[in-house]
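Listed below are the residues making up each chain.
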There are 2 protein chains.
Amino acid sequence: MAQNDIRLEDLPDLARGAALLGAGGGGDPYIGRLIAEQAFAEYGAPTILSPVAVPDDMLICAVAALGATNIQMEKLIAGNELPHAVHVLERYLGKRVGALIPAEIGGSNSLLPLMLGARQALPVIDADGMGRAFPELQMNSFSINGVRAGPLVVVDEHLNTAIIDTPDDTTAEAMTRALAIQMGLRVYLSCFPMTGKQMRETAIHGTLSAALAIGRALGNGNGAVSPVDHLVDVLRDIPTYGHARALFDGKIVDVDRRTARGFSVGSCRLDAIGGGGGNGGSQAVISFQNENLSCDIDGRIVAVTPDLICIVDRETAEPIPTPQLKYGQRVRVVGIRAPERMRTPQALAAFGPAAFGIDATYTPLTCA
Amino acid sequence: MAQNDIRLEDLPDLARGAALLGAGGGGDPYIGRLIAEQAFAEYGAPTILSPVAVPDDMLICAVAALGATNIQMEKLIAGNELPHAVHVLERYLGKRVGALIPAEIGGSNSLLPLMLGARQALPVIDADGMGRAFPELQMNSFSINGVRAGPLVVVDEHLNTAIIDTPDDTTAEAMTRALAIQMGLRVYLSCFPMTGKQMRETAIHGTLSAALAIGRALGNGNGAVSPVDHLVDVLRDIPTYGHARALFDGKIVDVDRRTARGFSVGSCRLDAIGGGGGNGGSQAVISFQNENLSCDIDGRIVAVTPDLICIVDRETAEPIPTPQLKYGQRVRVVGIRAPERMRTPQALAAFGPAAFGIDATYTPLTCA
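An unreviewed UniProt entry lists chain A under the name DUF917 domain-containing protein, with Sphingomonas colocasiae given as the organism.

(A) View of the overall build of chain A. Of regular secondary structure, chain A possesses eleven helices and 16 strands. For 368 residues, the compact-globule formula gives about 21 Å, and the C-alpha radius of gyration of chain A, at 19 Å, lands near that figure. Each principal axis of the C-alpha distribution contributes one length, and for chain A these read about 60 × 40 × 40 Å. For chain A, buried positions account for 61% of its 368 residues. Put simply, 74% of the contacts in chain A that link residues at least 6 apart link residues at least 24 apart. When the accessible surface of chain A is summed, it comes to about 13,000 Å², and 49% of that surface belongs to carbon and sulfur atoms. Each charge class in chain A can be summarised by its mean position, and for the 30 positive and 39 negative side chains these summaries are 2 Å apart.

(B) Structural detail: the interface of chain A and chain B. Residue-level contacts link 18 residues of chain A with 18 residues of chain B. No other element matches the six residues that helix α7 (residues 169–182) of chain A contributes to the side of chain A that touches chain B. Bridge count between strand β7 (residues 161–165) of chain A and strand β7 (residues 161–165) of chain B: five bridges; the pairing is antiparallel. Along β7 of chain B, the bridge assignment pairs I164 of chain A with A162 of chain B.

(C) Examining the domain arrangement of chain A more closely. Residues and elements named next belong to chain A. If you check the domain split of chain A, you get domain 1 (8–205) and domain 2 (237–339). With centres defined by C-alpha atoms, the gap from domain 1 to domain 2 works out at 26 Å. Taken together, the contacts link 21 residues of domain 1 with 23 residues of domain 2. Summed over both sides, the interface between domain 1 and domain 2 buries roughly 1,700 Å², with carbon and sulfur atoms accounting for 59% of that surface. For domain 1, the biggest contributors to the area lost against domain 2 are L20, G24 and R132; these three give 30% of the whole. Linking domain 1 to domain 2 there are one salt bridge. For R16, the salt bridge is made with E318, and the minimal N-O distance between the two is 2.9 Å.

(D) Region of interest: the relation of the copies chain A and chain B. After a rotation of 180 degrees and a shift along the axis of 0.1 Å, chain A superposes on chain B with an RMSD of 0.0 Å. Both copies are brought into coincidence by an operation consistent with a two-fold rotation axis. Residues of chain A ranked by C-alpha distance from the rotation axis are headed by I163 of chain A, positioned 2.4 Å from it. Most of the interface of chain A is mirrored in chain B, where 100% of its interface residues are also at the interface.

(E) Region of interest: the packing of aromatic side chains. All told, the structure shown has six aromatic pairs over all chains when counted by the stated rule. When the ring of F142 of chain B is compared with that of F192 of chain B, the centres are 5.3 Å apart and the planes differ by 50 degrees; the resulting orientation is tilted. Of this pair, F142 of chain B sits in helix α6 (residues 141–144) while F192 of chain B sits in strand β8 (residues 186–195); the two residues are 50 residues apart in sequence, bridging distant segments of the chain. Each member of the aromatic cluster is reached from another via a ring pair, and the members are F134, F351 and F356 of chain A. Across the ring face of Y92 of chain A, the terminal group of R91 of chain B is positioned such that the distance to the ring centre comes to 4.8 Å.

(F) Spatial organisation of helix α7 (residues 169–182) of chain B. The first and last C-alpha atoms of α7 of chain B sit 20 Å apart over 14 residues, in line with the 20 Å expected at 1.5 Å per residue. Listing the buried residues of α7 of chain B in full gives D169, A172, E173, M175, T176, R177, A178, L179 and A180 of chain B.

(G) The pairing of strand β11 (residues 263–272) of chain A, seen in detail. All names here are of chain A. Pairing analysis gives ten bridges linking strand β10 (residues 244–260) to β11, with the strands arranged antiparallel. The residue bridging D254 from the neighbouring strand is R269, located in β11. Strand direction decides the pairing type here: β11 and strand β12 (residues 283–289), joined by seven bridges, are antiparallel. Within β12, the residue paired with G266 across the bridge is F288.

(H) Highlighting the pattern of salt bridges. Residue and element names in this part refer to chain B. Scanning the model with the defined rule gives 32 salt bridges over all chains in all. As a salt-bridge pair, R7 and E9 come within 3.8 Å of each other at their nearest N and O atoms. When its relative accessible area of 54% is taken as the criterion, E9 is described as exposed. One salt bridge connects R16 with D13, and the closest N-O pair in it is separated by 3.0 Å. In this pair, R16 and D13 both sit in helix α1 (residues 11–21), three residues apart, roughly one turn of the helix.

(I) The arrangement of the sheet that holds strand β15 (residues 308–313) of chain A in detail. Residues and elements named next belong to chain A. Spatial strand order, β14-β13-β12-β11-β10-β16-β15: seven strands in an open sheet with antiparallel pairing. Among the strands making up the open sheet, the edge pair consists of β14 (300–304) and β15. The sheet shows a mean angle of 35 degrees between the axes of neighbouring strands, direction not considered. Taken together, the four bridges between strand β13 (residues 291–297) and β14 define a ladder with antiparallel strand orientation.

(J) Main features of the sheet that holds strand β16 (residues 330–336) of chain B. Residues and elements named next belong to chain B. In spatial order, the strands read β14-β13-β12-β11-β10-β16-β15; together these seven strands make up an open sheet with antiparallel pairing. If you trace the sheet from one side to the other, it starts and ends with β14 (300–304) and β15 (308–313), each paired once. Between one strand and the next, the sheet's axes are offset by a mean angle of 35 degrees, whatever the strand orientation.

(K) Structural view of the packing of helix α2 (residues 29–43) of chain B against helix α5 (residues 112–120) of chain B. Residues and elements named next belong to chain B. Interhelical geometry of α2 versus α5 gives an angle of 20 degrees and a closest axis separation of 8 Å. One finds that α2 runs roughly parallel with respect to α5. Considering only the axes of α2 and α5, their crossing is left-handed. The residues of α5 that touch α2, namely those facing I35, A36, A39, F40 and Y43, are L112, L114, M115, A118 and R119. Considered class by class, the residues forming the contact of α2 with α5 number nine nonpolar, no polar and one charged.

(L) Looking closely at unusual backbone geometry. Note that the residue after G150 of chain A, namely P151 of chain A, is joined by a cis bond; omega there is -5 degrees. On the secondary structure map, P151 of chain A appears in the loop between α6 (141–144) and β6 (152–155). Cis peptide bonds are those with omega within 30 degrees of zero, and the linkage from T305 of chain B to P306 of chain B qualifies with 10 degrees. Along the chain, P306 of chain B turns up in the loop between β14 and β15. In this structure, A317 of chain A takes a positive phi of about 70 degrees despite not being glycine. With respect to the element layout, A317 of chain A can be found in the loop between β15 and β16 (330–336). For A317 of chain A, a relative accessible area of 0% puts it in the buried group. Of note in this structure, N290 of chain B is not a glycine but carries a positive phi near 60 degrees.

Criteria and cut-off values
Residues numbered from 1 in each chain as written. Chains lettered and ligands numbered in written order. Predicted model: local features only at pLDDT ≥ 70, side-chain atom pairs only at ≥ 80, totals over all residues. Heavy atoms only, no water. Helix = DSSP H or I, 4+ residues; strand = E, 2+ residues; numbered from the N terminus. Rg over C-alpha atoms; globule rule 2.2 N^0.38 Å. Buried < 20%, exposed > 50% of the residue type's maximum accessible area, 1.4 Å probe, protein only. Contact = heavy atoms within 4.5 Å. Areas by Shrake-Rupley, 256 points an atom, 1.4 Å probe, with all protein chains shown as cover. Lys, Arg positive; Asp, Glu negative; His and termini not counted. Charge placed at Lys NZ, Arg CZ, Asp CG, Glu CD. Pairing = 2+ DSSP bridges. Domains from an automatic or database assignment. Buried area = accessible area lost by both parts, 1.4 Å probe. Salt bridge = Lys/Arg side-chain N within 4 Å of Asp/Glu carboxyl O. Least-squares fit on C-alpha atoms with pLDDT ≥ 70 in both. Phe/Tyr/Trp six-rings, centres within 6.5 Å; stacked < 30°, edge-to-face > 60°. Lys NZ or Arg CZ within 6 Å of the ring centre and 35° of its normal. Expected span 1.5 Å × (residues − 1). Axes fitted to C-alpha atoms, helices over the stretch in contact; angles between N-to-C directions. Parallel < 35°, antiparallel > 145°, perpendicular 65-115°, else oblique. Left-handed = near helix turned anticlockwise from the far one by under 90°. Nonpolar A, V, L, I, M, F, W, Y, C, P; charged D, E, K, R; others polar.

Following this line, the structure appears as structure tokens:
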């Protein structure tokens with residue numbers, strides 16, 4: 001991707017693509033899109049850097065919001081939280097940040113670095129730490145490859161600030177979560193300070209571009225015979241993913257969703273329409289913890305984390321996030337193979353089926 | 001107090017005096033005494049500075065343990081937590097700490113600065129932030145006089161670290177408490193960074209000396225006709241307090257103690273022995289939140305926070321902390337007037353009766 005090629009008018013498509021890559025979670029990108037649009041209009045679009053163009057010794061940090069999605073809509077971002085978080089991290093490390101990277105491309109966290117990049121004139125790297133969304137701080141390709149989440153900075157809307165410094169990312173997650181709950185379940189992080197070289201060797205490359213391409217496919221797919229089939233075709237052409245498949249075609253007949261440990265957990269049951277889709281089958285069950293984690297058809301798991309399981313509208317292919325699943329919706333389930341760095345043995349230990357208590361062996365999803 | 005006049009052999013008395021000034025809370029000073037003794041033996045006693053001898057622009061910080069007392073006995077201090085906490089604070093502020101001050105004199109937190117002072121060759125100031133013990137971070141004479149708790153550093157036994165930076169001490173308390181619960185309810189703080197001038201204008205002066213004098217009275221009082229009467233006489237001679245009185249003489253007939261919001265809350269009921277004490281009366285009720293908060297005799301409050309209400313053994317005058325109150329104990333209740341800086345309008349707003357939900361007007365305790 002060349003420089004400066006995410007423009008103001010691209011943001012709706014980028015947000016739509018990020019919503020799909022959220023795999024049910026990652027938060028609604030709507031608010032993120034609005035604040036990014038405002039920042040682009042006021043300050044101009046930020047420079048977008050290809051990860052291979054980032055100098056080896058440049059200090060990179062990830063930025064993200066953390067908390068509960070429903071709070072996001074009630075407690076709007078003020079705008080100065082992330083600039084403050086990055087400034088405090090710079091002061092703590094005694095070094096200036098040279099570029100930003102999204103912690104996760106899925107959901108609203110894809111847009112925040114663009115807003116911040118525009119405001120602070122900081123380049124944003126066309127990459128992220130997951131190629132999707134995951135609920136916990138240690139569930140990403142930085143962590144599993146030895147880049148530490150801390151020192152990290154947690155900031156709330158009043159600019160109350162905490163710096164967390166621990167060598168263990170699971171401890172960092174626990175400390176950050178405890179603070180986030182106390183601070184109102186919507187906090188902003190600067191985290192994963194790393195060198196350009198570390199970023200290049202651990203990040204999932206090209207995911208801002210991928211989200212934009214997916215969003216364009218969704219936006220332009222209305223003329224296609226089947227927007228969902230068109231989406232699957234586009235996903236197969238994106239090198240970061242490459243493998244995608246429609247898994248099931250059905251109607252939602254039950255949603256069991258509850259809030260536990262600060263997450264939205266449960267499952268969604270579908271009855272087949274028109275043969276059920278590529279695998280046939282009469283009933284599908286999707287389990288989730290914020291993000292969709294497994295797709296089971298007639299008792300057999302056909303897709304499981306870290307692969308992406310996306311529930312989309314049957315007619316328009318618009319992604320449907322977990323909180324918006326409703327009885328009676330006609331949907332299709334699309335599986336996307338996780339990027340290669342998200343499928344290593346370390347990756348599967350951190351966010352494979354067993355990490356979520358799912359009794360299944362991970363087999364990468366294929367196109368057929 | 002002259003320099004260097006808390007010696008290794010003074011520590012048992014100091015611990016005993018600090019237990020009394022804990023007014024039922026503040027944590028058992030036994031462990032604190034052991035680790036201070038070890039540090040004095042290994043490194044020599046630290047220099048003790050009178051608050052009036054501290055240079056105006058010297059950076060002072062308070063150190064303390066925070067958490068649950070019962071955990072303190074299970075999760076022993078490793079010894080390097082507080083040096084790390086002070087070092088991180090120094091690095092964050094870009095300035096060296098010149099002297100330490102106990103956050104509270106009551107209970108185990110009186111001993112930790114002495115341990116740290118010995119280990120790090122840092123002077124310890126003969127003063128503290130309360131002249132007693134209180135359960136929350138914003139309940140002290142620094143806070144109510146405009147010295148902020150933050151930036152403060154929270155460290156656990158693995159040296160997992162958080163720096164909390166907020167201009168509001170109640171927020172600092174909430175954030176620290178959330179982390180403390182997550183980190184196992186025993187954490188170590190460096191906090192209230194301030195100048196020597198600020199310390200002098202806000203601290204409760206002479207409280208290390210006071211604790212030592214009280215502890216000596218308790219240790220040597222066994223030959224007195226009544227060790228409790230002897231204790232009251234000694235308290236009246238200590239300028240920081242000056243007013244003290246035996247409030248009730250009784251037998252514990254009920255203890256209602258539960259753990260709520262991370263505190264030990266409840267009340268203790270006493271039936272009179274030998275006329276009930278100075279006020280007469282047949283029954284007394286002491287309410288507590290870690291520390292004793294009010295003493296009610298036959299339905300009339302005779303002492304209330306911020307004054308100190310201490311339950312001591314009827315025969316030996318040994319202080320009995322809240323967790324050790326038991327049915328059948330024969331005790332006397334001693335009231336001590338809080339130091340002057342703990343009785344201002346700001347003080348009463350922060351830790352007077354209303355701050356604990358007690359419907360009473362504070363009237364300073366008198367000798368008669």
